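Per-entry structural report
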Amino acid sequence: MKGKHTSLDKALKPSILWIENLTSVSKVILGFSKACRHKYPPGHIRYKRDVDGGIKVNGHSGNGVVDIFIRISPIEERDLIKESIQKRFSLKN
């Protein structure tokens with residue numbers, strides 16, 4: 001069962017729901033939120049790095065940046081998830 005992200009900025013909620021509904025994503029864990037400026041539009045998700053069991057991404061809101069861990073099971077589909085995020089959140093529209 002998917003958890004409710006109540007402390008998440010309203011601009012990021014649709015992006016997180018989209019990621020949770022990808023087939024091989026088993027869990028989305030929110031990390032620290034940092035109030036800072038950035039060049040990305042609110043709701044933008046950007047890949048950061050591979051980690052054991054999944055990937056780390058940054059979620060950009062109107063208030064700053066949120067660290068997000070995406071648990072992927074099976075881990076063999078990590079590249080598929082990264083490609084999906086790249087296609088959806090590409091800035092070259």
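This write-up is about the structure you can find in this document. Fair warning: this is a prediction, and the values are worked out from it, not measured in the lab.

Some words on helix H2 (residues 78–88)
- Those residues of H2 that fall on the buried side of the exposure criterion are Arg78, Ile81 and Ile85. The arc that holds the buried residues of H2, viewed along the axis, is 65°, so those residues lie on one side. Of the residues in H2, the exposed ones pointing more than 90 degrees away from the buried face are Gln86 and Lys87.
- On the buried face of H2, the contacting elements are helix H1 (13–20), strand E1 (25–34), strand E2 (44–51), strand E3 (54–60) and strand E4 (65–72).

What about the environment of Ser15?
- Tracing the sequence through the fold places Ser15 in helix H1.
- Owing to a relative accessible area of 6%, Ser15 belongs among the buried residues under this scheme.
- In sequence terms Ser15 and Gly43 are 28 residues apart; their C-alpha atoms lie 6.1 Å from each other.
- Ser15 has contacts with Gly43, Ile45 and Phe89, leaving out every residue within four places of it along the chain.

Overview of the pattern of salt bridges
- Enumeration over the complete set of coordinates arrives at 4 salt bridges.
- Across the pair Asp67 and Lys48 runs a salt bridge, and its minimum N-O distance is 3.0 Å. Of this pair, Asp67 sits in strand E4 while Lys48 sits in strand E2, placing them 19 residues apart in sequence.
- Residue Asp79 pairs with Lys82 through a salt bridge whose shortest N-O separation is 3.5 Å. Separated by 3 residues within a single helix, Asp79 and Lys82 lie in helix H2, roughly one turn from each other.
- With relative accessibility at 47%, the residue Asp79 sits in the partly exposed group.

About the thresholds
Residues numbered from 1 in each chain as written. Predicted model: local features only at pLDDT ≥ 70, side-chain atom pairs only at ≥ 80, totals over all residues. Heavy atoms only, no water. Buried < 20%, exposed > 50% of the residue type's maximum accessible area, 1.4 Å probe, protein only. Helix = DSSP H or I, 4+ residues; strand = E, 2+ residues; numbered from the N terminus. Arc of directions from axis to C-beta. Contact = heavy atoms within 4.5 Å. Salt bridge = Lys/Arg side-chain N within 4 Å of Asp/Glu carboxyl O.

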